[in-house]
Amino acid sequence: MKKFLLKIGCIVLCVCSFGLVSCKKDKAEKTANLYESGIETALVVEEMAKSEIYKEYIGVEYDITNVLAEDYRAPISVYSISSPTFEEFFQAVEAGDVEEKWDSLPDSIKAQMEGGFDLFHFIIVNYGGEQQLAISSVFQASLRFDGKIDAKIAYVYVYETGTPIVVTFTPICDHGYSAMGSFLFGVDCTSMEKIEEVFKPFQCEVALVTA
């Protein structure tokens, strides 16, 4: 178990450091195609989940047959979910005197959480389970694309069968963005209304995306 957790930690560090690559300032601005970038990222997640060598290396013993979709190029629906700031998230989940608690939180911690805050990790922890969290963490792909986006946003890809995949897009320089994809457990994605039930309390805007 310790070896398994150590390997998960190594993967998370590798994925997190992926977005820290330097940006070339002389590239012409390119229009970001988030839909296609998400499809490409989902295909890498699929490759990881189907690779017996990778699963043997990482020590995955879970049966993930029912997690996999038939065709990751053909989602039946895609939804965009805006990303709340850490302050918005904090105010949504805290009880009591929220303003006082927020003001008492050190600025250094606020800065750390704002930079690395992941709402979907929180969702899986609270709405999924230990096994689902492990699967989501291990089969996590990160790619870099050229193109300009103004703010962090996520796309949820829903398939006829299998578990949805969420891809979070984050601007990393003037003309580039990262895409981090993983399985999304714990959320009923059968309709936009069901998705809104989960994310609206966190000040997220949910919208249908077309190719």
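Residues numbered from 1 in each chain as written. Predicted model: local features only at pLDDT ≥ 70, side-chain atom pairs only at ≥ 80, totals over all residues. Heavy atoms only, no water.

Considerations on the overall build of the chain
No. 1: Of the regular secondary structure elements, the chain holds 9 helices and 6 strands.
No. 2: Scored against the burial criterion, the 211 residues of the chain give a buried share of 44%.
No. 3: Nonlocal contacts in the chain, meaning residues at least 24 apart in sequence, comprise 74% of its contacts between residues at least 6 apart.
No. 4: Element-wise, carbon and sulfur atoms account for 53% of the exposed surface of the chain, whose accessible area totals about 11600 Å². (Helix = DSSP H or I, 4+ residues; strand = E, 2+ residues; numbered from the N terminus. Buried < 20%, exposed > 50% of the residue type's maximum accessible area, 1.4 Å probe, protein only. Contact = heavy atoms within 4.5 Å. Areas by Shrake-Rupley, 256 points an atom, 1.4 Å probe, with all protein chains shown as cover.)

A few points about the packing of helix α7 (residues 119-127) against helix α8 (residues 130-138)
No. 1: Taken N-terminus to C-terminus, the directions of α7 and α8 make an angle of 150 degrees; their axes are 8 Å apart at the nearest point. One element, α7, and the other, α8, form an angle in the roughly antiparallel class. Like other packed secondary-structure pairs, α7 and α8 cross with a definite hand, here right-handed. Mapping the contact onto sequence places His121, Ile124 and Val125 in α7 and Gln132, Leu133 and Ser136 in α8.
No. 2: Here the contact of α7 with α8 is composed, by residue class, of 3 nonpolar, 3 polar and no charged. (Axes fitted to C-alpha atoms, helices over the stretch in contact; angles between N-to-C directions. Parallel < 35°, antiparallel > 145°, perpendicular 65-115°, else oblique. Left-handed = near helix turned anticlockwise from the far one by under 90°. Nonpolar A, V, L, I, M, F, W, Y, C, P; charged D, E, K, R; others polar.)

Things to note about the confidence of the model for the chain
No. 1: Of all residues in the chain, 82% have pLDDT values of 70 or greater, and the mean over the chain is 83.
No. 2: Within the chain, no element has a lower average pLDDT than helix α1 (residues 2-18), which sits at 43, and none a higher one than helix α2 (residues 34-50), at 97.
No. 3: Taken as a whole, residues 1-22 scores under 50 in pLDDT and shows 23 contacts with residues more than four places along the chain or in a different chain. (pLDDT = per-residue confidence, 0-100.)

What to know about the pattern of salt bridges
Side chains carrying opposite charge are able to pair once their charged atoms draw close together.
No. 1: Across all of its chains, the model carries 4 salt bridges by this definition.
No. 2: Close ionic contact of Lys200 with Glu205 constitutes a salt bridge, the shortest N to O distance being 3.4 Å.
No. 3: A relative accessible area of 35% means that Lys200 is categorised as partly exposed. (Salt bridge = Lys/Arg side-chain N within 4 Å of Asp/Glu carboxyl O.)

Regarding the pairing of strand β1 (residues 77-82)
No. 1: Counting buried positions over the 6 residues of β1 gives 5, a clear majority of the element.
No. 2: Two strands pair when backbone bridges link them, and β1 and strand β3 (residues 153-158) are joined in this way by 6 bridges, in the antiparallel orientation. Its bridge partner lying in β3, Ser82 is registered against Ile153.
No. 3: When β1 meets strand β6 (residues 206-209), the two strands line up antiparallel, connected through 4 bridges. Bridge pairing links Ser80 to Ala207 in β6. (Pairing = 2+ DSSP bridges.)

Observations regarding the packing of aromatic side chains
No. 1: Counted under the stated rule, the structure contains 12 aromatic pairs.
No. 2: A centroid spacing of 5.8 Å and a plane angle of 50 degrees characterise the contact between Phe86 and Trp102, whose relative ring orientation is tilted. Residue Phe86 is located in helix α4 (residues 86-93), and its partner Trp102 is located in helix α5 (residues 98-104); the two are separated by 16 residues in the primary sequence. When sorted by exposure, Phe86 lands in the same class as Trp102, which is buried.
No. 3: For the ring pair Phe183 and Phe185, a centre distance of 6.3 Å and an interplane angle of 50 degrees mean the geometry is tilted. Comparing Phe183 with Phe185 shows no difference in burial state: the two are buried.
No. 4: Among the aromatic residues, those joined into a cluster by ring pairs are Tyr35, Phe145, Tyr155, Tyr157, Phe169 and Tyr177. (Phe/Tyr/Trp six-rings, centres within 6.5 Å; stacked < 30°, edge-to-face > 60°.)

A few points about α2
Side chains of residues three or four places apart in an α-helix project in the same direction, reflecting 3.6 residues per turn.
No. 1: Spanning 17 residues, α2 covers 24 Å between terminal C-alpha atoms, matching the ideal 24 Å at 1.5 Å per step.
No. 2: Counting buried positions along α2 gives 12 out of 17 residues, so the element sits mostly inside the fold.
No. 3: Among the residues of α2, those classed as buried are Leu34, Tyr35, Ser37, Gly38, Ile39, Thr41, Ala42, Leu43, Val45, Glu46, Met48 and Ala49. (Expected span 1.5 Å × (residues − 1).)

Here we look at the environment of Gln131
No. 1: In this fold, Gln131 is placed in helix α8.
No. 2: Judged by relative accessible area, which is 36%, Gln131 ranks as partly exposed.
No. 3: A C-alpha to C-alpha distance of 8.0 Å links Gln131 and Tyr62, two positions 69 residues apart in sequence.

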